Amino acid sequence: MSTPIKVMIADDQMMVRQGFTVLLNAQPDIEVVGQAVDGADAVAKVAELAPDVVLMDIRMPGMGGIEATSVITAVPDAAVKVLVLTTFDLDEYVYEALRAGASGFLLKDASADQLAEAVRVVAAGEALLSPNITKRLITEFSRLGAPRAPSRARIQALTERETEVLSLIAQGLSNAEISEHLVLAEQTVKTHVSRILVKLGLRDRTQAAVFAYETGLIRPTGY
């Protein structure tokens, strides 16, 4: 039997922590290894417990979820993934959480199956961006206007095909969908994705999507 996915839950509400703990521990491939009451507590316990995934509430007293996410994901070669928890799908902080290094987001009213699947997806290094959140990102960049990051030159390191794959990642397509769209073997797409992440120094697909928007590779006017 494979090693279970280790999860830590960071939320200032005890009922949320306990509820998610019960739901996740009912899964044969997931184990909740700890709970944190705020961002500072989360940072300390990640260092202590080395979870695979942190379920991170955005709004907590003291150090909030965005700052904690930034600290946790800034550790060199950090393997932990952060899955942001929010009450509203249009939470004004979702975008900043993704920029801080979160691998995706989940609504707090998600079902037990959705919660478990979200943990599995993020632990596997996949992005967890719903169509609504992709639209949210596009809206945010449309409001901001010009690209925010002075790193567009980094795209020049990519081949034409890799740039095309990055564009499709930013549109929320899975490897299977990219494979079908470009008429490529799915394994070839996976190879392209891996090379993109290495060349750009990015953690996962979510960060690749944010990078594509920030550098202007994807334009809101195209949607």
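The name given to the protein chain in an unreviewed UniProt entry is DNA-binding NarL/FixJ family response regulator, and the organism recorded there is Streptomyces avidinii.

## What to know about the pairing of strand 4 (residues 81-86)
Residues in a regular strand point their side chains to alternate faces of the sheet. The buried count for strand 4 comes to six of six residues, which makes it a mostly enclosed element. Residues Lys81, Leu83 and Leu85 point to one face of strand 4 and Val82, Val84 and Thr86 to the other, with burial holding for every one of them. In the sheet, strand 3 (residues 53-57) pairs with strand 4 via five bridges, with the strands oriented parallel. The residue bridging Leu55 from the neighbouring strand is Leu83, located in strand 4. In terms of strand pairing, strand 4 meets strand 5 (residues 104-107) through four bridges, oriented parallel. Bridge assignment links Thr86 to a residue of strand 5, and that residue is Leu107.

## A look at the pattern of salt bridges
Pairing is possible between side chains that carry opposite charge, provided their charged atoms lie close to one another. Under the defined criterion, the tally for this structure stands at seven salt bridges. Several salt bridges converge on common partners, so that one network encompasses Asp11, Asp57 and Lys108.

## Brief notes about the nonpolar core
Residues Val165, Leu166, Ile178 and Leu200 are the most contacted members of the largest nonpolar core, which totals 22 residues. Ignoring any residue separated from it by four or fewer positions in sequence, one finds Val165 in contact with Ile178, Leu182, His192, Val193 and Ile196. The next biggest cluster of nonpolar side chains, apart from the first, holds 20 residues, and it includes Ile58, Met60, Ile72 and Val80.

About the criteria used
Residues numbered from 1 in each chain as written. Predicted model: local features only at pLDDT ≥ 70, side-chain atom pairs only at ≥ 80, totals over all residues. Heavy atoms only, no water. Buried < 20%, exposed > 50% of the residue type's maximum accessible area, 1.4 Å probe, protein only. Helix = DSSP H or I, 4+ residues; strand = E, 2+ residues; numbered from the N terminus. Pairing = 2+ DSSP bridges. Salt bridge = Lys/Arg side-chain N within 4 Å of Asp/Glu carboxyl O. Core = buried A, V, L, I, M, F, W, Y, C linked by side-chain atoms within 4.5 Å. Contact = heavy atoms within 4.5 Å.

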